[in-house]
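# Survey of secondary and tertiary structure
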Amino acid sequence: QKEVEQNSGPLSVPEGAIASLNCTYSDRGSQSFFWYRQYSGKSPELIMFIYSNGDKEDGRFTAQLNKASQYVSLLIRDSQPSDSATYLCAVLAGNNRKLIWGLGTSLAVNP
Amino acid sequence: EAGVVQSPRYKIIEKKQPVAFWCNPISGHNTLYWYLQNLGQGPELLIRYENEEAVDDSQLPKDRFSAERLKGVDSTLKIQPAELGDSAVYLCASSRGGTGAEQYFGPGTRLTVT
C-alpha cells in the first residue's frame, strides 16, 4: 500500500459542477495536508493546506479531513475550465517529518 | 514578493556530460528543496536544506549528484556524469520553516539527456 494514494482519473465534471478529489494516507500520525495544482508543463502551485485541527474554505475551494478514515478531500465548487489540471496531494508524515506526495488526480472541467 | 527562481528552464545534453541547475529561493525562506519529477508522477525529494545544512539527502544518488547551498541562500544541483534516465524536470522549492511549512515551487528545469 502506498503511503499517499490518489485516483489518477481523469475526473471529468461539467462546468459549474462540484469537483471532489480524494486522497488517502497511511500514516495515522500525519498532521499537515497540502493540495497543489499542476497545469501541464508547469510546476506545482499550492492552493490549500490544512492541519489536523479542522477543515478550511478559501473561495471556491474547501479542504476537508476525515481522520478516522484517513483521507483528505478537496472540493471545488462552480468548477471552471481553468480548473482543469492535475491535483497533487501531499501529506506530512508524522515521524520523520517528510512530505509524502501522491501521484495526482487529473481533473477535466468540460464547458 | 518574487517567487522561486530557477535556471536554466531547459537543458539538452548528451549522456556522460555534466549539468548544473541553479535556484534562488523566496527571500526569507530558510528551507530549500530539490525535487525530481517524472511525467505522471509526484515530486520526489532529492535533498532538503535548512539554511546551509543538508538535513535530508537520503534520496540523492551521491555517486553522480551533488548539491550545495554555501551561504544559505541560493543553491546549485549538479549531475556528473548524466545518464539517459536522468531526463526529468528538476524542481526547486522553498519554505519559511521546516518541512511542515508550505512549500513554493520554482518553474523547474526540464532536462533531456540524449
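Note that the structure is a prediction, hence the values are computed from the model and not measured. (Residues numbered from 1 in each chain as written. Chains lettered and ligands numbered in written order. Predicted model: local features only at pLDDT ≥ 70, side-chain atom pairs only at ≥ 80, totals over all residues. Heavy atoms only, no water.)

Once that is clear, we can look at the interface of chain A and chain B. Taken together, the 18 residues of chain A in the interface contact 20 residues of chain B. With both sides pooled, the region where chain A packs onto chain B buries about 1,400 Å², and carbon together with sulfur makes up 55% of that total. The largest contributions to the chain A side of the interface with chain B come from Lys98(A), Trp101(A) and Leu103(A), which together make up 30% of the buried area. Summed over the shared surface of chain A and chain B, the result is one salt bridge. Of the charged contacts in the structure, one is a salt bridge between Asp56(B) and Lys98(A), with a shortest N-O distance of 3.1 Å. (Contact = heavy atoms within 4.5 Å. Buried area = accessible area lost by both parts, 1.4 Å probe. Salt bridge = Lys/Arg side-chain N within 4 Å of Asp/Glu carboxyl O.)

Between Gly9(A) and Pro10(A) the backbone carries a cis peptide bond, its omega angle lying at 10°. Mapping Pro10(A) onto the fold places it in the loop between strand E1 (4-6) and strand E2 (11-14). The omega torsion of the bond from Ser7(B) to Pro8(B) falls at -10°, within 30 degrees of zero and hence cis. With respect to the helices and strands, the residue Pro8(B) is situated in the loop between strand E1 (5-7) and strand E2 (10-13). Positive phi is not limited to glycine here, since Gln70(A) has a value of about 60°. Along the chain, the position of Gln70(A) falls in the loop between strand E7 (61-66) and strand E8 (71-76). (Helix = DSSP H or I, 4+ residues; strand = E, 2+ residues; numbered from the N terminus.)

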